[in-house]
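Analysis of the macromolecular model
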Amino acid sequence: MTEYRAKRPLKRPPTHPGELMREILVEHVRLPLAEAARRMGVTRTALYAVLDGRHGLTADMALRYGKLIGSPIETYLAMQTNHDLWRAGQKLAASLAKIATVKRAA
């Protein structure tokens, strides 16, 4: 069997969880987004902002979404954390480069 190495761009930002959430709602659950927002008890604007990647996924929104689709929320929250850390790292790269790491005593 031939092994293939994954060629993933290293500089690509992690995917925002909203992209996956939208795909699940639209393509798999086939629930209109306005109906999903109504069932979740949030405004369409708030849901669309997360699904479009304009706002981060909060614990509140993740719990509501998980309940709606019957899915654990840890994956979505991990995706949000990775996305936030990557963006912060990009923004702070110059400042972080100036910080010397403290060596631990043995």
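Here the structure is shown first, and the text comes after it.
Residues numbered from 1 in each chain as written. Predicted model: local features only at pLDDT ≥ 70, side-chain atom pairs only at ≥ 80, totals over all residues. Heavy atoms only, no water.

**A word on the overall build of the protein**
Summing up its helical and strand segments, the protein has 5 helices and 0 strands in all. Taken from N to C terminus, the helices and strands of the protein fall in the order α-α-α-α-α. Radius of gyration (C-alpha) of the protein: 18 Å, far over the 13 Å computed for a compact globule of 106 residues. With the C-alpha coordinates aligned to their principal axes, the bounding extent of the protein is approximately 55 × 45 × 25 Å. Within the span of the protein, comprising 106 residues, buried residues form 25% of the whole. The long-range fraction of contacts in the protein, counting pairs at least 24 apart against all pairs at least 6 apart in sequence, stands at 55%. Total accessible area computed for the protein in this model is approximately 8400 Å², and 55% of it derives from carbon and sulfur atoms. (Helix = DSSP H or I, 4+ residues; strand = E, 2+ residues; numbered from the N terminus. Rg over C-alpha atoms; globule rule 2.2 N^0.38 Å. Buried < 20%, exposed > 50% of the residue type's maximum accessible area, 1.4 Å probe, protein only. Contact = heavy atoms within 4.5 Å. Areas by Shrake-Rupley, 256 points an atom, 1.4 Å probe, with all protein chains shown as cover.)

**Some words on the packing of helix α1 (residues 17-29) against helix α5 (residues 74-97)**
If you want to describe how two helices pack, look at the angle between their axes and the distance between the axes. Where α1 meets α5, the closest approach of the two axes is 8 Å, and the angle between their N-to-C directions is 145 degrees. Here α1 contributes Pro17, Leu20, Met21 and Ile24 to the contact with α5, which in turn contributes Tyr76, Met79 and Gln80. The class makeup of the residues in the contact of α1 with α5 is 6 nonpolar, 1 polar and no charged. (Axes fitted to C-alpha atoms, helices over the stretch in contact; angles between N-to-C directions. Nonpolar A, V, L, I, M, F, W, Y, C, P; charged D, E, K, R; others polar.)

**A word on the packing of aromatic side chains**
Aromatic rings in a pair are described by how distant their centres are and how their planes are angled relative to each other. Applying the stated criterion to the full structure yields 1 aromatic pair. Plain terms: the ring middles of Tyr65 and Tyr76 are 5.3 Å apart, the flat faces sit at 85 degrees to each other, and that makes the pair edge-to-face. In this pair, Tyr65 sits in helix α4 (residues 59-69) while Tyr76 sits in helix α5, placing the two residues 11 residues apart along the sequence. Using a relative accessible area of 1% as the deciding quantity, one classes Tyr65 as buried. (Phe/Tyr/Trp six-rings, centres within 6.5 Å; stacked < 30°, edge-to-face > 60°.)

**Concerning helix α2 (residues 33-40)**
Each full turn of the α-helix corresponds to 3.6 residues, which orients residues three or four apart in the same direction. Within the span of α2, buried status applies to Leu33, Ala36, Ala37 and Met40. All buried residues of α2 fall inside an arc of 100 degrees around its axis, so they share one side. Opposite the buried face of α2, by more than 90 degrees, sit the exposed residues Arg38 and Arg39. Here the buried face of α2 lies against α1, α3 (44-51) and α4. Backbone geometry just after α2 places Gly41 at a positive phi near 75 degrees. (Arc of directions from axis to C-beta.)

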